[in-house]
Amino acid sequence: MAILATRRRFQRLIGFTLVALALVYFLWDQGPFSNYRSSSFDWAKRPQAHPISQSDIIPLPSLAPRQLPRIQHDFSKQELTDAHNTTQRERRNAVQDAAKRCWEAYKEFAWGYDELSPQGQSGVDTFGGWGATLVDSLDTLWIMGMKQEFADAVQVAERIDWDVTTSAELSLFETNIRFLGGLLAAYDLSGEKTLLRKAKELGNMLYAAFDTPNHLPANAFNIREAKQGLLIASRRESSAAVGTLSLEFTRLSQLTGDPKYYSVTERIKREFEKKQDKTKLPGMWPILIDLENGFQTADSAFTLGASSDSAYEYLSKMYELLGGVDPVYETMHIKAMDTVKKNLLFRPMLRDNDTDILFSGLVLANGAGINELTAEVQHLGCFAGGMFALGGRLFNRPEDVEIGEKLARGCGWAYGVFPTGIMPETSEVVPCRGEDQLAPCAWNESEAGGGRKSGGKFPIPFSHVRDAQYLLRPEAIESIFILYRITGKKDLLDVAWQMFESIEKATRTTFANSAIASVNVGGETAKINSMEVSFGLIPFALVGGLYMLTGRLQSFWLAETLKYFYLIFSEPDLISLDEYVFNTEAHPFRLPKPVKGGFL
Ligand code: DMJ
């Protein structure tokens, strides 16, 4: 009897302890002691309309990560003078001051909103209303050592309710690169677990974009339709939208141990791979892809610029993130780069042939070998220098590092020739049109100056500036930063500083920084959506969506542009390219550590 009573007492004690522990865990995790709040709708529990069965889920590669070739220059061998270190520090501080001003302005006028309208002193919701700037800036704050600001932002981020939104329809691409990428990188840097939980909640929501009849994603993510399983992949989807999910989804799978996210993007990669040699410009994919009818790639326009850019950027980066164990990414990257070199790259006609630079243009291909190149120069395309150089190091292709340097320097040069010291959003330049488009050509004054299409007064040899704005974009400094880390060439630091000074001068406003209407007008610049906007620009600024599109302080200013400027003026081991891979929104994901031989 006594034994029975003791046993019962013991069982009760165990039961009580377990309940108490569960309660403590709950209170700690969800209750008054925790700031974290889960979203009010759990997308993981939503029944799928087009189920992907467990057996159809592709697991992460089981091979252990390999030792990848060294990416960064060996800076330990560089003799750095005190003067160099002082200049670096002063420049870094100047960038940090700019970031602090903008962060303070965002905090004061737009806290919790997606973006700041810098002159309006108010917030705007452009990406769902979950605080895009706040999430996009988390890792910048961490990297810049703004730990209190980081902690304040985490307190808001960990309470985001993905079911409470200002948009009926979201862009899968933008939500993925800014929010999911931002949360994952901030977690990778800080180890703050609630950020990973938020990332997982969001990942589960974005996973629903693949709940379509053919499991290809719907970039136009209508939340109501997604809940009902009514999404359909688009007939005219940009290759960037569909090709820029893999890094974030894969990192989410790596961190959570759930392969389903990686699996859906691995399927996309297989579609890209199948079509790579079958397009009108074999080796590349057209800007637009028909996803609804099963990844049709019949379109004719090819570029590394808008709407295609990061689909190419992610090939080598996925190879890195998977620890070099998926050779398909290497093959795809090399084929694409070879096609770009042969067809898209060109050298501008220059008075001084010592300026060794290249650009990447736009090709219209008819599929029968006639490929027409337009010598277009897009700011968005300036990321290509970094991509070539990174791939060159990763796959031991020194020529690609050189090409990357010429592309990066091309954008640096273009910044320098415009009156504001900044290159425009979209322009055209007179190209060298010899047998070899990459080789220097003789200067021809009338061709270089007379080829102007719109009669505008642009610096020679620019023939046309289609869009003269500067929207605070990062791509040029991104490539200069990557090239500096890869080659160690110190003159790139001065190129970067010149760019930063010009950007600050032209875009700084009372509270933050603003996009400007024309890089081609020096002196007092016309800020877009600005109290300072000139009267002549008011009708222009009010046309259509332009006002909303360009006038705000884009979240990528803090997430990318200022981060790259800060990093180039910092110690090279701060976010080393051998330890991190940047997503297309400059969010660094930690690379897996190599394991000698064997399976995971
Ligand atoms: C960013 O959101 C990303 O870099 C994207 O890949 C392209 N456009 C902007 C910055 O210009």
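Relevant structure appears above.
Because the structure is predicted, anything quoted here is derived from the model rather than measured. (Residues numbered from 1 in each chain as written. Predicted model: local features only at pLDDT ≥ 70, side-chain atom pairs only at ≥ 80, totals over all residues. Heavy atoms only, no water.)

Undergrad: Could you clarify how one ought to interpret the overall build of the chain in this entry?
TA: When helices and strands are tallied, the chain shows 20 helices and 16 strands. Computed over its C-alpha atoms, the radius of gyration of the chain comes to 25 Å, within 12% of the 25 Å expected for a compact globule of 600 residues. With the C-alpha coordinates aligned to their principal axes, the bounding extent of the chain is approximately 110 × 55 × 55 Å. Taken across its 600 residues, the chain has 59% of its residues classed as buried. Sequence separation of 24 or more characterises 73% of the internal contacts of the chain that already satisfy a separation of 6 or more. Carbon and sulfur atoms provide 55% of the accessible area of the chain, an area that totals close to 24500 Å². Of the side chains in the chain, 63 bear a positive and 73 a negative charge, and the two mean positions are spaced by 6 Å. (Helix = DSSP H or I, 4+ residues; strand = E, 2+ residues; numbered from the N terminus. Rg over C-alpha atoms; globule rule 2.2 N^0.38 Å. Buried < 20%, exposed > 50% of the residue type's maximum accessible area, 1.4 Å probe, protein only. Contact = heavy atoms within 4.5 Å. Areas by Shrake-Rupley, 256 points an atom, 1.4 Å probe, with all protein chains shown as cover. Lys, Arg positive; Asp, Glu negative; His and termini not counted. Charge placed at Lys NZ, Arg CZ, Asp CG, Glu CD.)

Undergrad: What am I meant to see in unusual backbone geometry here?
TA: It is generally the case that most residues other than glycine have a negative phi and that most peptide bonds are trans. A cis amide bond links Ile 460 with the next residue in sequence, Pro 461, at an omega value of 5°. The backbone of Asn 396 shows a phi angle near 50°, a positive value even though the residue is not glycine. As for its placement among the helices and strands, Asn 396 is situated in the loop between α13 (384–394) and α14 (398–417). Even without being a glycine, Ala 586 presents a positive backbone phi close to 65°.

Undergrad: What should I look at first to understand the sheet that holds strand β13 (residues 426–429) in this one?
TA: Hydrogen bonds along the backbone pair up the strands of a sheet, which may run parallel or antiparallel. Reading across from one edge, β12-β13-β14 is the order of the three strands in this open sheet, with antiparallel pairing throughout. Bordering the open sheet on either side are β12 (376–378) and β14 (462–467), each of which pairs with just one other strand. Strand-to-strand twist of the sheet, defined as the mean angle between neighbouring strand axes without regard to direction, takes the value 25°. Bridging between β13 and β14 involves four bridges; their strand directions are antiparallel. If you follow Val 429 over to β14, its bridge partner there is Phe 462. (Pairing = 2+ DSSP bridges. Axes fitted to C-alpha atoms, helices over the stretch in contact; angles between N-to-C directions.)

Undergrad: What exactly am I supposed to notice about the site of the ligand here?
TA: Lining the immediate surroundings of the ligand are Ile 177, Arg 178, Leu 380, Arg 473, Pro 474, Glu 475, Phe 556, Glu 560, Thr 584 and Glu 585. Within the side chain of Arg 473, one N or O atom sits 2.7 Å away from an oxygen atom of the ligand. In isolation the ligand exposes 290 Å². Once the protein is present, 93% of that is buried. Elements with a minimum of two residues in the shell around the ligand: α5 (172–190) and α20 (555–568). Among the residues making up the shell around the ligand, the classes are represented as four nonpolar, one polar and five charged. (Near = heavy atom within 4 Å. Polar contact = N/O pair within 3.5 Å; in protein donor to acceptor, adjacent residues only side chain to side chain. Nonpolar A, V, L, I, M, F, W, Y, C, P; charged D, E, K, R; others polar.)

Undergrad: Before we go on, may I ask you to explain a negative patch on the surface in this structure?
TA: A cluster of acidic residues, Glu 571, Asp 573, Asp 578 and Glu 579, forms a negative patch on the protein surface. Residue placement: Glu 571 occurs in the loop between α20 and β15 (580–582). (Patch = residues over 30% accessible without salt bridge, like charges linked within 9 Å, V, L, I, M, F, W, Y side chains within 5 Å. Salt bridge = Lys/Arg side-chain N within 4 Å of Asp/Glu carboxyl O.)

Undergrad: Can you walk me through the packing of helix α16 (residues 475–487) against helix α17 (residues 491–507) in this structure?
TA: For any two helices packed against each other, one specifies the crossing angle of their axes together with the interaxial distance. Two elements in contact, α16 and α17, have axes separated by 9 Å at closest approach and are oriented at 160°. As summarised for this structure, α16 and α17 are arranged roughly antiparallel, according to the angle between their axes. Viewed along their axes, α16 and α17 form a crossing whose handedness is left-handed. Across the interface between the two elements, Ala 476, Ile 477, Ile 480, Leu 483, Tyr 484 and Thr 487 of α16 pack against Leu 492, Leu 493, Val 495, Ala 496 and Met 499 of α17. (Parallel < 35°, antiparallel > 145°, perpendicular 65-115°, else oblique. Left-handed = near helix turned anticlockwise from the far one by under 90°.)

These figures come from the coordinates and say nothing about function on their own.
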